[in-house]
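Residue strings, one per chain:
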Amino acid sequence: MSDPRITSSIFTRGAVDLSALRTPAPSPAPAQAGPPAAAPGGSVGGAAVIDVTEANIQSAVLERSLTTPVVVFFGAAGYPESDQFAPVLERLAAEGGGTWLLARVDVQQQPRLAQMFQLQALPTTYAIVGGRPVDAFPGVVPEPQLRQWIQAVLKAGGVSVAEPEDPRLDAADDALMDGDLDAAEQAYRKILAETPNDAAAEAGLAQVGLARRVSGADPQTALAAAAASPDDVDAQLLAADIEVLSGQAEQAYQRLVGLVRRTAGEDREKVRQHLVGLFTIAGPEDPTVASARRALASALF
């Protein structure tokens, strides 16, 4: 199964030609006058979920995506994965409150649309922003991963959204704060198994490692030992850990970058990996981390 991320879009390889979609097939003859039916999962006019055909794809998907991100779901009734995944998307679209639109395509009823999008699997989910596709993934993904993907689609569409709370992270963080490191580690690893590369879970797991390394250490004694033995790798690593815990992360980074410059071989790699682990705790957007990464690169090369 592909990792559904904006940065790994299949569309960068020109997989889909939407030019034919801009000339929709003629609409069928209008039915007897009457009130319009509500689209399943939403209300008429402001529906969060609509059904797409060749006749309405230009207005309902391409033109709508100029102002609202559109997620297009290709599925077919009777296919287990389609039947399983469609309700999840519909529920999330309703939760979205109009921030994005779910457009459903029944490939059995709309085979030409399936051909135009060059489907290779059912179901397949696409994101269209600004009138063009930006990402897609085949098959199904766990709901937490799907939520992250939708957040990325919204950001690509310029939609300002609050990061949703994740009860899994709350539980893991609570275990960490309570000092139950085994439970915290298990919880963070479970999140990463379900949602690979989750930055918050990676940071939490790194904090578990940090807490274990400093357990039982006396800060003043450890810092004094590091000052007395500047080339003792283990002493310097422990001192850096203590500095991070005491809010002196920049000093810890400088300590280890300097140690990288003074070491070689396995020791140097050990220090580098330790420093990268400390970066993970702060996160890639921390300006101190960005500066320390540049210093590390300079020290290595």
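Residues numbered from 1 in each chain as written. Predicted model: local features only at pLDDT ≥ 70, side-chain atom pairs only at ≥ 80, totals over all residues. Heavy atoms only, no water.

1. Examining unusual backbone geometry
Residue L122 is joined to P123 through a cis peptide bond whose omega torsion reads -5°. With respect to the element layout, P123 can be found in the loop between α3 (111–116) and β4 (124–129). For Q118, which is not glycine, the phi dihedral falls at a positive 55°. Summarising the element assignment, Q118 is placed in the loop between α3 and β4. In the Ramachandran plot, N197 falls in the positive-phi region, its phi being about 70° despite a non-glycine side chain. (Helix = DSSP H or I, 4+ residues; strand = E, 2+ residues; numbered from the N terminus.)

2. So, the side chain of T124
Among the secondary structure elements, T124 is positioned in strand β4. Here A121 takes part through its backbone oxygen, which lies 2.6 Å from a polar atom of the side chain of T124. (Polar contact = N/O pair within 3.5 Å; in protein donor to acceptor, adjacent residues only side chain to side chain.)

3. Some remarks on the side chain of T263
In this structure, T263 sits in the loop between α10 (249–262) and α11 (265–282). T263 gets classed as buried once you look at its relative accessible area, which sits at 14%. A polar contact is formed between the side chain of T263 and the backbone oxygen of L259, at a distance of 2.8 Å. Ignoring any residue separated from it by four or fewer positions in sequence, one finds T263 in contact with V233 and R268. (Buried < 20%, exposed > 50% of the residue type's maximum accessible area, 1.4 Å probe, protein only. Contact = heavy atoms within 4.5 Å.)

4. Considerations on the confidence of the model for the chain
This prediction gives the chain a mean pLDDT of 82; 83% of its residues lie at or above 70. pLDDT under 50 marks residues 1–17. Its contacts with residues more than four places away, or in other chains, come to 38 contacts. Overall, residues 22–46 carries pLDDT values under 50, and its contacts beyond four positions in sequence, including any with other chains, amount to 25 contacts. (pLDDT = per-residue confidence, 0-100.)

5. Quick look at the environment of L154
With respect to the secondary-structure elements, L154 resides in helix α4 (residues 143–156). Take L154: its relative accessible area is 3%, and that puts it in the buried class. Sequence spacing of L154 and P69 is 85 residues, and the spatial spacing of their C-alpha atoms is 6.4 Å.

6. Observations concerning the pairing of strand β2 (residues 70–75)
Where burial is concerned, most of β2 is hidden: 6 out of the 6 residues are buried. Residues of β2 alternate between two faces, with V70, V72 and F74 on one and V71, F73 and G75 on the opposite face, all of them buried. In terms of strand pairing, β2 meets strand β3 (residues 101–106) through 6 bridges, oriented parallel. The partner of F73 across the bridge, within β3, is R104. As for the winding sense of the linkage, the β-α-β connection from β2 through helix α2 (residues 80–95) to β3 is right-handed. Sheet analysis places β2 next to β4, joined by 5 bridges and oriented antiparallel. Its bridge partner lying in β4, V71 is registered against A127. (Pairing = 2+ DSSP bridges. Right-handed = clockwise from strand over helix to strand, strands pointing away.)

7. Description of the packing of helix α7 (residues 199–214) against α11
Between α7 and α11, the shortest axis-to-axis distance is 8 Å and the interhelical angle comes to 125°. One way to sum up the angle between α7 and α11 is to call them oblique. For the pair α7 and α11, the crossing hand works out as left-handed. Contact residues: α7 offers E202, A203, A206, Q207, L210 and R213, while α11 offers H274, G277, L278, T280 and I281. (Axes fitted to C-alpha atoms, helices over the stretch in contact; angles between N-to-C directions. Parallel < 35°, antiparallel > 145°, perpendicular 65-115°, else oblique. Left-handed = near helix turned anticlockwise from the far one by under 90°.)

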